[in-house]
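Chain and residue survey
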2 protein chains.
Amino acid sequence: MRFVLACLISMQQGPDLLSDSSPVRSRAVSTASPNGQDSLTPIKVSLTPQQRFEEYLQSRGLRQTNQRKFLIDRVFSHHEHFDADELIERLPRRGQENYVSSATVYRTLREFVDAGLLNSFQLDGRTVYEHGYGYPQHDHLYCTSCRELFEFQSDDLLELRNEVAAQRGFRVNSHRMIIQGVCQKCSKKRRKKRKQDLV
Amino acid sequence: MRFVLACLISMQQGPDLLSDSSPVRSRAVSTASPNGQDSLTPIKVSLTPQQRFEEYLQSRGLRQTNQRKFLIDRVFSHHEHFDADELIERLPRRGQENYVSSATVYRTLREFVDAGLLNSFQLDGRTVYEHGYGYPQHDHLYCTSCRELFEFQSDDLLELRNEVAAQRGFRVNSHRMIIQGVCQKCSKKRRKKRKQDLV
DNA sequence: TTATCTGCAAAAAATTTGCACTTCT
DNA sequence: AGAAGTGCAAATTTTTTGCAGATAA
């Protein structure tokens, strides 16, 4: 583990998993809370991640094991960007109850991605995971100073993407956009520091 | 090396390095040639990559070595996406003339990026490099079938990016957008194959 | 002359894999 | 019972680093 990865986005309330039977994604809206943190509204889905994974496993003749059940609970217990190493560090150690070997963690994370529960992308050489099920499509701003990932959602971007692809007969599966720079907080810190340095 | 990385984009003619003394980027235009290949027009720059790197080295009190000179010639001899491993494979082997150790290749590639000559990004776990100097800002379509990278250029995307960033006081340094999917060629191949399978 | 570079080999970091044993179904 | 899954350790893959000898300025 070389980097701290945090995420400013938190769910305003738990995802409303049972109130709507439609698995269709509703329009996500990005909102800003007083402390400057942003969050996207969770999507209403008919199944919990657990249930959906169960379906996925059954459809492929795979098994429900304690490790898989334990990991899905952990991974979906809070909304946050993470990498394999960070997850492993928060898991029970060898010898403790519910210990899961790293090999299994890696294997299971890949299954979660295959099942559409998690999204993954590369950042600074690591594979970063985030919730994909029950959470709207979005893109990221990455602060190279504090290494936090911020989320944003733009329909215009999607439209643009589709236009570009259509223009050359490219069939789109997904996209990934990351804007690199320095977040407001870090910019302010730096200005402050420069000011102090002058005194 | 796990992946073949190719690039359909070729320069229509060598970069016109000497005809304009302005280092300012001119507007890039994406064009389509009859065979379906796209290319972006090179930017007019006042210095060759070699000259620019020389400046960079001097400004930092670094040295011009045979290895650096050799590598910059190789890297800028054709416009193509590549990773460290692919470059190393095309270089003279140990014992031959102009051999450069992999450690030096890695170190030098990083210098090229620092000097603004190359851009780098992560794709499928590797670091991919491409020309940054003398070539316009652009983004990529990545075909997961043939693993080729196609380039596209969109001012709307830049505008959108700047708006998103401005909205939350984020100072942008750069961005990276990769559209994943299947290119036209591969789609056609698949359709053909499916047809044949039915016969 | 001397700080910078290079090559080499070893280390690191992040995954993946082979295999014997365990566990779902 | 028997396929699938797990843990372990070893292997991979990609990149970095320490260090002694080589070299540019």
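Residues numbered from 1 in each chain as written. Chains lettered and ligands numbered in written order. Predicted model: local features only at pLDDT ≥ 70, side-chain atom pairs only at ≥ 80, totals over all residues. Heavy atoms only, no water.

Turning to the pattern of salt bridges, a few remarks are in order. All names here are of chain B. According to the stated counting rule, one finds eight salt bridges over all chains in the structure shown. For R68, the salt bridge goes to E111, with nearest N and O atoms at 2.7 Å. Of this pair, R68 sits in helix α2 (residues 66-75) while E111 sits in helix α4 (residues 102-114); the two residues are 43 residues apart in sequence, bridging distant segments of the chain. Here R68 matches E111 in class, with each residue buried. When the shortest N-O distance is used, the salt bridge between R126 and D83 registers 2.9 Å. A residue pair is termed long-range when its members are at least 10 positions apart, and R126 in strand β6 (residues 126-131) and D83 in strand β4 (residues 82-83) qualify at 43 residues. (Salt bridge = Lys/Arg side-chain N within 4 Å of Asp/Glu carboxyl O. Helix = DSSP H or I, 4+ residues; strand = E, 2+ residues; numbered from the N terminus. Buried < 20%, exposed > 50% of the residue type's maximum accessible area, 1.4 Å probe, protein only.)

Let us look at helix α1 (residues 49-59) of chain A. All names here are of chain A. When we look at burial in α1, the residues that qualify are P49, F53, Y56 and L57. The arc that holds every buried residue of α1, seen down its axis, measures 95°, which confines them to one face. Exposed positions of α1 whose direction lies more than 90 degrees from the buried face are Q58 and S59. Buried residues in α1 make contact with α2 (66-75) and α4 (102-114). Where α1 ends, the next residue or the one after it, G61, has phi of about 65°, a positive value. (Arc of directions from axis to C-beta. Contact = heavy atoms within 4.5 Å.)

All right, on to the packing of α2(A) against α4(A) then. Residues and elements named next belong to chain A. Look at α2 against α4: their axes get within 11 Å of each other, and the N-to-C directions meet at 70°. In terms of axis orientation, α2 runs roughly perpendicular to α4. In this structure, the crossing between α2 and α4 has a hand that is right-handed. When α2 is examined against α4, the residues Q67, R68, L71, I72 and V75 are found in contact with a partner set consisting of T104, V105, T108, E111 and F112. (Axes fitted to C-alpha atoms, helices over the stretch in contact; angles between N-to-C directions. Parallel < 35°, antiparallel > 145°, perpendicular 65-115°, else oblique. Left-handed = near helix turned anticlockwise from the far one by under 90°.)

Looking now at the UniProt feature "binding site: Fe cation" (unreviewed entry) in chain A. Residue and element names in this part refer to chain A. Using the residue numbers shown here, the UniProt feature "binding site: Fe cation" (unreviewed entry) corresponds to D139 and H175. In terms of the greatest pairwise C-alpha distance, the residues named above, spread along 37 residues, form a tight cluster of at most 8.9 Å across. For D139, the location among the structural elements is in strand β7 (residues 139-143). Overall, the relative accessible area of 2% leaves D139 in the buried class. (UniProt positions renumbered as here; feature names shortened; annotations may be inferred.)

Looking now at the relation of the copies chain B and chain A. Expressed as a screw transformation, the operator carrying chain B onto chain A has a rotation angle of 180° and an axial translation of 0.0 Å, and the superposed copies differ by an RMSD of 0.1 Å. Classification of the inter-copy transformation places it as that of a two-fold axis. Of the C-alpha atoms belonging to chain B, the one lying closest to the rotation axis is found on M177(B), 2.1 Å away. An overlap of 97% is found between the interface residues of chain B and their copies at the interface of chain A, pointing to a shared contact surface. (Least-squares fit on C-alpha atoms with pLDDT ≥ 70 in both.)

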